Amino acid sequence: MDTDLALGWLRAAAAAVEQHEPELTALDAAIGDGDHGANLRRGFTAVLAALDALPPDTPVGGVLSRAGTTLISTVGGAAGPLYGSALRTTGAALPAPAADITDLAAALRAGLSAVQKLGGAVPGDKTMVDAFEPAVAALERAAFDGFSLREAAALAAEAAERGARDTVPLEARKGRASYLGPRSVGHQDPGATSTALLFRALARAAGA
Ligand code: ADP
Ligand code: MG
């Protein structure tokens, strides 16, 4: 991943969030407070503006870090600070001028750790971690297997989408949905769904 791919990823992510805002809103209305779509849309609109203002020689990690800082400062709700920390930590861990798949997987693993440290969620708690963790694991396997970035990102997107779908039967143990207890069962987690959108956007930006 280089600066251009990072910019392409974040722009594709912003487009996906805008396109899927109604779906994210509906999922969050079912087990939360219905603001996840609007929260992320506001955040990614601000990210687009922040990217346009970046100096052209910004290193790849700096692009992701700026996006993370922007999300933290513009998104209310749990997901903004969590995604923001993930992007900031991932950006700080990426080597310049370009990161290979092994570097990217390691940086995203660090970003996932930041989410888990901040939010305390583990896989199975019905949160964004349930899509994020399998996506990072798929990237790690793809790096080991010597896949191209396009193939690796496609595998990560599939793993994230599967992880999001697999939140349906889970009972939420973190975040607002956990207040519902057993009534959270039977619904897909909104944050896991948006995480899958973000990994699908990466796959598209990488040419998959
Ligand atoms: P809020 O819950 O404050 O309204 P959002 O609706 O924007 O914030 O985001 C909700 C999503 O955030 C959830 O679907 C879940 O995936 C994620 N989330 C909430 N709390 C946590 C946590 N402690 N750890 C990881 N993810 C979390
Ligand atoms: Mg919400």
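Refer to the structure presented above.
Residues numbered from 1 in each chain as written. Chains lettered and ligands numbered in written order. Predicted model: local features only at pLDDT ≥ 70, side-chain atom pairs only at ≥ 80, totals over all residues. Heavy atoms only, no water.

A. Representation of the overall build of the protein chain. Along the protein chain, the regular secondary structure elements total 9 helices and 0 strands. Secondary structure elements in the protein chain, listed N-terminal to C-terminal, are α-α-α-α-α-α-α-α-α. Since a compact globule built from 208 residues should have a radius of gyration of about 17 Å, the 16 Å found for the protein chain is in line with a globular shape. When its C-alpha atoms are laid out on the principal axes, the protein chain stretches across 50 × 40 × 30 Å. Buried positions account for 50% of the 208 residues belonging to the protein chain. Within the protein chain, counting contacts between residues at least 6 apart in sequence, those at least 24 apart form 69% of the total. Carbon together with sulfur atoms contributes 55% to the accessible area of the protein chain, which is approximately 8800 Å² in total. With 18 positive and 23 negative side-chain charges, the protein chain shows a separation of 4 Å between the mean positions of the two kinds. (Helix = DSSP H or I, 4+ residues; strand = E, 2+ residues; numbered from the N terminus. Rg over C-alpha atoms; globule rule 2.2 N^0.38 Å. Buried < 20%, exposed > 50% of the residue type's maximum accessible area, 1.4 Å probe, protein only. Contact = heavy atoms within 4.5 Å. Areas by Shrake-Rupley, 256 points an atom, 1.4 Å probe, with all protein chains shown as cover. Lys, Arg positive; Asp, Glu negative; His and termini not counted. Charge placed at Lys NZ, Arg CZ, Asp CG, Glu CD.)

B. Layout of the environment of Ala105. On the secondary structure map, Ala105 appears in helix α6 (residues 101-119). The class for Ala105 is buried, based on a relative accessible area of 3%. Linking Ala105 and Gly120, residues 15 residues apart in sequence, is a C-alpha distance of 21 Å. In this view, Ala105 contacts Val136, Leu139 and Glu140; residues no more than four positions away in its chain are not counted.

C. Representation of the site of ligand 1 in the model. Neighbouring ligand 1 are 20 residues; His36, Ala78, Gly119, Asp189 and Gly191 lie closest to it. In this structure, an oxygen atom belonging to ligand 1 sits 3.0 Å away from a main-chain N or O atom of Met128. Here an oxygen atom of ligand 1 sits 3.2 Å away from a polar atom, N or O, in the side chain of Arg176. In isolation ligand 1 exposes 560 Å². Once the protein is present, 93% of that is buried. Where the shell around ligand 1 is concerned, the elements lending two or more residues are α3 (36-52), α5 (79-93) and α9 (190-205). Top element by residues in the shell around ligand 1 is α9. It accounts for 3 residues. Here the residues of the shell around ligand 1 are counted per class, giving 7 nonpolar, 7 polar and 6 charged. (Near = heavy atom within 4 Å. Polar contact = N/O pair within 3.5 Å; in protein donor to acceptor, adjacent residues only side chain to side chain. Nonpolar A, V, L, I, M, F, W, Y, C, P; charged D, E, K, R; others polar.)

D. Molecular detail of the packing of helix α2 (residues 21-31) against α3. Two elements in contact, α2 and α3, have axes separated by 6 Å at closest approach and are oriented at 140°. One way to sum up the angle between α2 and α3 is to call them oblique. Between α2 and α3, the contacting residues are Glu21, Leu24, Thr25 and Asp28 on the first element and His36, Gly37, Ala38, Leu40 and Arg41 on the second. (Axes fitted to C-alpha atoms, helices over the stretch in contact; angles between N-to-C directions. Parallel < 35°, antiparallel > 145°, perpendicular 65-115°, else oblique.)

E. Structural detail: unusual backbone geometry. Here the residue pair Ala96 and Pro97 is connected by a cis peptide bond, since its omega of 0° sits within 30 degrees of zero. Structurally, the position occupied by Pro97 is in the loop between α5 and α6.

F. Expanded view of the coordination of the magnesium ion (ligand 2). The coordination sphere of the magnesium ion (ligand 2) contains the protein donors Asp28 (OD), Asp33 (OD) and Asp35 (OD), at a distance range of 2.0 to 2.2 Å. Judged by relative accessible area, which is 8%, Asp28 ranks as buried. (Donors = N, O, S within 2.8 Å, 3.2 Å for Na, K, Ca; no water.)

G. Geometry of the pattern of salt bridges. Applying the stated criterion to the full structure yields 8 salt bridges. Ionic pairing is found between Arg41 and Glu18, a salt bridge with its closest N-O pair at 3.2 Å. With Arg41 in helix α3 and Glu18 in helix α1 (residues 3-19), the pair connects residues that are 23 residues apart, well separated along the chain. Judged by its relative accessible area of 33%, Arg41 is partly exposed. On the basis of relative accessible area, Glu18 is assigned to the partly exposed category, the value being 45%. Salt-bridge contacts for Arg176 lead to Asp33; the nearest nitrogen and oxygen are separated by 3.1 Å. Within this pair, whereas Arg176 is found in the loop between α8 (149-165) and α9, its partner Asp33 is found in the loop between α2 and α3, the two being separated by 143 residues in sequence. Arg176 gets classed as partly exposed once you look at its relative accessible area, which sits at 47%. When salt bridges with common partners are traced through the structure, they connect Glu18, Glu21 and Arg41 into a single cluster. (Salt bridge = Lys/Arg side-chain N within 4 Å of Asp/Glu carboxyl O.)

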